[in-house]
Amino acid sequence: MENSLELRSLGNTGLKLSCVGFGASPLGSVFGPVSDEEAIATVREAFRLGINFFDTSPYYGGTLSEKVLGKALKAIGVPRNEYIVSTKCGRHKEGFDFSAQRVIKSIDESLERLQMEYVDIFQCHDIEFGSLDQIVNETIPALQKLKEAGKIRFIGITGLPLEIFSYVLDRVPPGTVDVILSYCHYGINDTTLEDLLPYLKSKGVGVISASPLAMGLLTESGPPEWHPASPELKAACRTAAAFCKKKGKDISKLAMQYSLCNKYISTILVGMKSVEQVQVNVAAATELAKGDKDAQTLAEVEEILKPVKNQTWHSGIQQI
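Presented here is an overview of the structure given in this document. (Residues numbered from 1 in each chain as written. Predicted model: local features only at pLDDT ≥ 70, side-chain atom pairs only at ≥ 80, totals over all residues. Heavy atoms only, no water.)

Let us now look at the packing of aromatic side chains. Scanning the model with the defined rule gives 5 aromatic pairs in all. Each ring, one from Phe 22 and one from Phe 54, has its centre 5.3 Å from the other, and the planes form 40°; the classification is tilted. Of this pair, Phe 22 sits in strand S3 (residues 20–23) while Phe 54 sits in strand S4 (residues 53–55); the two residues are 32 residues apart in sequence, bridging distant segments of the chain. Centre to centre, the rings of Phe 96 and Phe 98 are 6.2 Å apart; their planes meet at 25°, and the pair counts as stacked. Judged by relative accessible area, Phe 96 falls into the partly exposed class, the value being 31%. These aromatic residues form a ring-pair network of at least three members: Phe 96, Phe 98 and Phe 129. (Phe/Tyr/Trp six-rings, centres within 6.5 Å; stacked < 30°, edge-to-face > 60°. Helix = DSSP H or I, 4+ residues; strand = E, 2+ residues; numbered from the N terminus. Buried < 20%, exposed > 50% of the residue type's maximum accessible area, 1.4 Å probe, protein only.)

The next subject is the environment of Lys 245. In this structure, Lys 245 sits in helix H7 (residues 231–246). For Lys 245, a relative accessible area of 55% gives the class exposed. Put simply, Lys 245 and Glu 220 are 25 residues apart on the chain and 7.7 Å apart in space, counted from C-alpha to C-alpha.

Looking along a regular strand, one sees side chains alternate from face to face of the sheet. Across the 8 residues of strand S9 (residues 152–159), 7 count as buried, placing the element largely inside the fold. In this sheet, S9 lies alongside strand S8 (residues 119–124) in parallel orientation, the contact comprising 5 bridges. Looking at the pairing, Val 119 lines up with Ile 152 of S9. Pairing of S9 with strand S10 (residues 179–183), which is carried by 4 bridges, proceeds in the parallel orientation. Bridging from a neighbouring strand, Gly 156 pairs with Val 179 of S10. (Pairing = 2+ DSSP bridges.)

Time to look at the pairing of strand S5 (residues 84–89). A large share of S5 lies buried, amounting to 6 of its 6 residues. Both faces of S5 are covered, namely the face carrying Ile 84, Ser 86 and Lys 88 and the face carrying Val 85, Thr 87 and Cys 89. As paired strands, S4 and S5 are joined by 3 bridges and run parallel to one another. Pairing of Phe 53 across the sheet is with Ile 84, part of S5. In this fold, S4 hands off to helix H2 (residues 64–76), which returns the chain to S5; that crossover is right-handed. Where S5 lies against S8, 4 bridges are found, and the strand directions are parallel. Within the sheet, the bridge partner assigned to Ser 86 lies in S8 and is Ile 121. (Right-handed = clockwise from strand over helix to strand, strands pointing away.)

Attention shifts here to the state of the cysteines. Here, the word disulfide means a covalent bond between the sulfur atoms of two cysteines. Enumeration over the complete set of coordinates arrives at 0 disulfides. Left unpaired, Cys 19 is separated from the closest cysteine sulfur, that of Cys 261, by 10 Å. On the basis of relative accessible area, Cys 19 is assigned to the buried category, the value being 4%. Counting only cysteine sulfurs, Cys 124 is the nearest neighbor of Cys 89, a cysteine outside any disulfide, at a range of 4.4 Å. (Disulfide = S-S within 2.5 Å.)

As summarised here, the arrangement of the 8 strands in space is S3-S4-S5-S8-S9-S10-S11-S12, forming a closed barrel in which the pairing is parallel. Within this sheet the neighbouring strands show an average axis-to-axis angle of 30°, counted without direction. Packing of helix H8 (residues 251–260) onto the sheet brings it into contact with S3 and strand S12 (267–271), and relative to S12 it is tilted by some 150°. (Axes fitted to C-alpha atoms, helices over the stretch in contact; angles between N-to-C directions. Contact = heavy atoms within 4.5 Å.)

Turning our attention to the side chain of Lys 234. Here Lys 234 is to be found in helix H7. Glu 225 provides the closest opposite charge to the buried, unpaired Lys 234, separated from it by 6.8 Å. With sequence-adjacent residues up to four places away left out, Lys 234 is seen in contact with Leu 217, Pro 223, Glu 225, His 227 and Ala 229. (Lys, Arg positive; Asp, Glu negative; His and termini not counted. Salt bridge = Lys/Arg side-chain N within 4 Å of Asp/Glu carboxyl O.)

Our focus in this paragraph is the packing of helix H1 (residues 36–48) against H2. With their axes 9 Å apart at the nearest point, H1 and H2 run at an angle of 60° to one another. By the criterion of interaxial angle, the relationship of H1 to H2 is oblique. The hand of the H1/H2 crossing is right-handed. From H1, Asp 36, Ala 39, Ile 40, Val 43, Arg 44 and Phe 47 reach across to H2, where they touch Val 68, Leu 69, Lys 71, Ala 72, Leu 73, Ala 75 and Ile 76. Each residue belonging to the contact of H1 with H2 can be placed in one class, and the counts come to 10 nonpolar, no polar and 3 charged. (Parallel < 35°, antiparallel > 145°, perpendicular 65-115°, else oblique. Left-handed = near helix turned anticlockwise from the far one by under 90°. Nonpolar A, V, L, I, M, F, W, Y, C, P; charged D, E, K, R; others polar.)

This is the structure in C-alpha cells:
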C-alpha cells in the first residue's frame, strides 16, 4: 500500500478513513457491465493507492455489488483489519423493508455475499422512503443487537433530505448512531451539508459525503436521462463543464477537489469501476494535498453555478 492518501477520523468511531472512499455500486454493473477481472484489478489498485474504505449495499445491482466486492477483496489477499467495509439494509431490489426481522436477516445475507465475519459500518439505506419513527423505534434497536453480537461495528443512516438526520439523531440515545452518509449536498453546486456539520459534530457523529459529481451533473458527459435536477440546474452544469473543457480542465476533478477541502467530512465517496477511475480520483486528492489546486478555475465555475446554488431535488416520500 503506497498510502499516499490522507486518513481522517470518523466521528467517535476510532476508524480512520481514506479521504477518498470507494463507492462499489458500479461493481454491481449498474453503469454497464464489469467483469470480475476488472473489478479485482480496480479494487487492487484502490488499495495500492491508499483507499481503505469500501461502501456497498444489497440494493446495488440486486446484490451483485456485494458479491463482486467480496470476491475482489478476497482476491487481493489483504488482512481484514486493513480495510473498512460498509454495507446497508432496508433497501432491496424488491423495495423497502426496515423491519427488525428483515434487517437481522439482511446482515447474514450480506456477510455471506461479502465473505466476511463482520462489517465495519451497517447503514439504514435511504431512510426517507420508510417511516422515520420505525427507524428510531425498531430498526436502530435491531442494529444495536447486531452490534452486540459482533456482526457489525458501527451504525449509520443514509438519505438525501438533510432534515432526516436530525429527526432521527434527536430521538435516539447519544452515541447510538455513529455515522451519517449524505449525498449530493457537498459539492460545487450544493454545500447545504455544511450547515449541519456543527450539529453532527456536537453529537459525535462521523460524516461521509457521497456523489461529489452530483450524480453526473459535474461531468463532461453530463447526467443520465433520469436525473431529477431541474432544467436550469442541468443547463448551468453543462455550461460549467463546457467552460472547463475549453480551458483544458476537467470539471470532475475540480468537483472532487472542492469536496475534499472540508476536513470534517471524513471521506468523499465516489463510484468507481476501472483502474483509470481510481487513479483519477486519487490524483485529485494527492495534487490537492500538495497545494496543487486550480483556485481560479474553481472560482469561475462557482460563479457560473451561483444562480442555481443549493438547488436540490426530492428523492421521494418526504416524512417531515
